[in-house]
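Residue-level structural notes
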Amino acid sequence: MQTDVTDIEQLSEKDRERLALTGLEVGMQNRCGSFFQVDQNVIQTTCGAEGVEMLPIKTALEKYDWVEDYYWNAVSRDKDKYTQYLAKQENPQGLVVIANEGVKVAMPLQACLFLRDEPVQHVHNLFIAREGSEINIISGCASSWQKEHGAHIGVTEIYVGKGAKVTSTMIHNWNPGISVFPRSAIIIEEDGTFLSNYVCMQPVNQVNMYPTARLVGKNAVARFSSIVVATPGSTLDLGSRAILGAEHTSAELVTRAITTGGTIISRGHILGEKDNTRGHIECKGLILKDGIIHAIPEIEGRVTGTELSHEAAVGKIARHEIEYLMARGLSEEEATATIIRGFLDVKISGLPAVLQAQIDAAIDKAESGF
Amino acid sequence: MLDISDLHVNVDGTEKLHDINLHIGQGETHILMGPNGSGKSTLLKAIMGFGGYTITSGSIIFKGQDITGMPIHERAHLGIGMMFQHPPTISGLKLGKLLAATSHLGEGAIEALAQAVNMEHFLARDTNVGFSGGEIKRSEVLQLKVQQPDFLMLDEPESGVDLENMSLMGKEIAGLLEKDVHIVNRRRSGLIITHTGYILDYLEADQGHVLIDGQIRCHGNPREILRVVKEKGYGECVRCKQM
């Protein structure tokens, strides 16, 4: 069934609430641009930021010849069956963001992908930040409250130019029967910075993703942080990889994982290929109810001048921490919630306040379920 | 304020405290001394109600209520507070947030209390994470200043504290115990574990107790007990009981 929605206002109150949780600001407060795709229909593309363009991918490919150079460049068409599925689509949908040289926009651009009527939603996004530019993108992905089964397949290719900075925040809000397969890759040039934040705290059938950042220019920096909760029936197979392919590059992969009965596989891989490179993986998992947290941190050094480390810990909340807070007057439930809130509080340096507020809101919403 | 009768406490299946009797009246401060491993911290933790400290017989009465089986937080609500010797680190939980969660004070009031113990720059830091010995003690004092307990248990307030911090700590603890209030009107009571007795440079204590092998061996004037222990060691207390 094809969607008949042509305007956000046509969505039910309940669906709009779900979208708000992923960061969609219908009124565009605190947003300087907006892209909204329902199933395969792009129903909104507006951008008020000077020097930044937001376009549906089809339009972008038609309008600029050079966009071809970025299309299926960071991600290979043949990577797996999901990329192959996307590559054979005649009508690709998705968002292209182009930030011109030196343009810095603090206010986030929002990209909203909503699965409503069709069995599969596919998107192909390109974020291109040219030399010295800075952009913040908040991607909210959700399914309609009445959507029982479906899949979302997405390819996102991100190009961080020389001295550019891209912050990508993705908040997922799916349903127990939805399966999600993002395939992302990032190329970071000299002095470029890429910050990724991923939040998934609501039930989903499965999320499977392993974005890879290739740091190809000197002094490039990549940071991935993930805050995830697996509820019963959810399988989150997540990870990120950073390839330190130039001198003085660094990467940090941070994960906070909680299971209340679901399965989390937290992967991470940092490959130190060049001298004067540093990388660190940190994965902390809390098992609140019997479930699985399987941390697989991998660090791979290939030269003497690379320094890589990892720490991973999985367990329950320490009893003496709960009792410490109880001695200050908090009940056991309050103490537990306070500690969990702290556990999930991964502050990312350089993250704009509005994005942090959005992440905090997603955590607050989920917290009531612990 | 606090009445402990015939208290026996087990830890990991072994009896650690035997037949403890202790009475602390309103406005009184008591000192608890004893060699390492004698059960001093165990007594404080049993009074606070921590898991793993099983009361096998006896009772703890606080403000006329039997709190022997009461959950920790209800004891805190009744007015029992504790300064931990080795508090846990809680990563992600900002000290400021912890203080806000455990009181009805506004941000401004908390900030002012923090300034008084030079902790205002720690409010945005994870609780106890990377704090030095002195900072941990100041953090504990700050938490108690926010909590305002009527009965204060301090587990070695001097340990790991330099002289300058000791002076600050001593004055703050004296304040928490209302040592500035006339003895007739003083409501707050305290039980302080000390090895060195330095805390007595900053406040007067009404009674001292010596705990050896899980038993209170003597009660008396705190300064006198301290002097005897300094001169003759705890061996004297062991012998004293055998006489």
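In this text the structure is predicted, and so the values were computed from the model without any measurement. (Residues numbered from 1 in each chain as written. Chains lettered and ligands numbered in written order. Predicted model: local features only at pLDDT ≥ 70, side-chain atom pairs only at ≥ 80, totals over all residues.)

Focus: the overall build of chain A
Assigned secondary structure in chain A consists of six helices and 20 strands. Against the 2.2 N^0.38 benchmark of 21 Å for 370 residues, chain A shows a C-alpha radius of gyration of 20 Å, consistent with a compact globule. On the principal axes, the C-alpha backbone points of chain A span a range of 65 × 55 × 35 Å. (Helix = DSSP H or I, 4+ residues; strand = E, 2+ residues; numbered from the N terminus. Rg over C-alpha atoms; globule rule 2.2 N^0.38 Å.)

As for the sheet that holds strand β2 (residues 14-24) of chain B
Residue and element names in this part refer to chain B. Reading across the sheet, the four strands line up as β2-β1-β4-β5 and stay open at both edges, with antiparallel pairing between neighbours. Edge positions in the sheet fall to β2 and β5 (65-66), since each of these pairs with one other strand and no more. Here seven bridges tie strand β1 (residues 2-11) to strand β4 (residues 54-62), and the two strands are oriented antiparallel to one another. Paired with Leu2 across the two strands is Phe62, which belongs to β4. Each of β1, β2 and β4 is contacted by helix α1 (residues 40-48), which is oriented at about 70° to β2, the strand it contacts most. (Pairing = 2+ DSSP bridges. Contact = placed C-beta atoms within 7 Å. Axes fitted to C-alpha atoms, helices over the stretch in contact; angles between N-to-C directions.)

Details of the domain arrangement of chain A
Residues and elements named next belong to chain A. For chain A, the assigned domains read domain 1 (8-318) and domain 2 (319-370). Distance between the C-alpha centres of domain 1 and domain 2: 24 Å. Taken residue by residue, the interface counts 26 residues in domain 1 and 23 residues in domain 2. Ranked by residues supplied to the side of domain 1 that touches domain 2, first place goes to strand β14 (residues 221-230) with four residues. Looking at the side of domain 1 that touches domain 2 residue by residue, the classes come out as 15 nonpolar, eight polar and three charged. (Domains from an automatic or database assignment. Nonpolar A, V, L, I, M, F, W, Y, C, P; charged D, E, K, R; others polar.)

A closer look at the pairing of strand β6 (residues 80-83) of chain B
All names here are of chain B. Every second residue of β6 is oriented toward a common face, with Ile80 and Met82 on one face and Gly81 and Met83 on the other, all of them buried. When β6 meets strand β9 (residues 151-155), the two strands line up parallel, connected through four bridges. Paired with Gly81 across the bridge in β9 is Leu152. (Buried ≥ 20, exposed ≤ 12 C-beta atoms within 10 Å, placed from the backbone.)

What to know about helix α5 (residues 332-344) of chain A
The terminal C-alpha atoms of α5(A) lie 18 Å apart, and with 13 residues this matches the ideal 18 Å at 1.5 Å per residue to within 8%. Among all positions in α5(A), only A:Ala335, A:Thr338, A:Ile339, A:Ile340, A:Phe343 and A:Leu344 are buried. (Expected span 1.5 Å × (residues − 1).)

As for the environment of A:Gly48
Residue and element names in this part refer to chain A. Relative to the helices and strands, Gly48 resides in the loop between β2 (41-47) and β3 (52-56). According to the C-beta neighbour criterion, Gly48 is partly exposed, with 14 such atoms within 10 Å. In this structure Gly48 touches Cys32 and Gly33, once residues within four positions along its chain are discounted.

Things to note about the packing of helix α4 (residues 319-326) of chain A against α5(A)
Residue and element names in this part refer to chain A. Close contact between α4 and α5 brings their axes to 9 Å; oriented N to C, the two are set at 120°. Between α4 and α5 lies a crossing of right-handed hand. Contacts between α4 and α5 involve Glu321, Ile322, Leu325 and Met326 from the former and Glu332, Ala335, Thr336, Thr338 and Ile339 from the latter. Looking at the contact of α4 with α5 residue by residue, the class counts come to five nonpolar, two polar and two charged. (Left-handed = near helix turned anticlockwise from the far one by under 90°.)

As for the interface of chain A and chain B
Counting from both sides, the interface comprises 18 residues of chain A and, opposite them, 19 residues of chain B. Where the side of chain A that touches chain B is concerned, the elements lending two or more residues are α4 and α5 of chain A. Per element, the largest residue contribution to the side of chain A that touches chain B is six residues, and it comes from α4(A). Partitioning the side of chain A that touches chain B into residue classes produces eight nonpolar, five polar and five charged.

Thoughts on α4(A)
The buried fraction of α4(A) amounts to six of the eight residues, a majority that puts the element mostly inside the structure. Along α4(A), the positions that sit buried rather than exposed are A:Glu321, A:Ile322, A:Glu323, A:Tyr324, A:Leu325 and A:Met326. Of the surrounding secondary structure, the elements contacted by the buried residues of α4(A) are α5 of chain A together with α2 (72-78) and β7 (90-94) of chain B.

Observations regarding the sheet that holds strand β9 (residues 165-173) of chain A
Residues and elements named next belong to chain A. Read from one edge to the other, the open sheet built from ten strands follows the order β2-β1-β5-β7-β9-β11-β14-β16-β18-β20, with strand pairing classed as mixed. The open sheet is flanked by β2 and β20 (306-315), the only strands paired with a single partner. Adjacent strand axes in the sheet meet at a mean angle of 5° when their direction is disregarded. Alignment of strand β16 (residues 250-259) against strand β18 (residues 277-287), held across ten bridges, turns out to be parallel.

Focus on the environment of B:His73
Within the secondary structure, B:His73 is located in helix α2. Put simply, B:His73 and B:Gly49 are 24 residues apart on the chain and 8.9 Å apart in space, counted from C-alpha to C-alpha. Not counting chain neighbours up to four residues away, the residues in contact with B:His73 comprise A:Met326, A:Gly329, A:Leu330 and A:Ser331.

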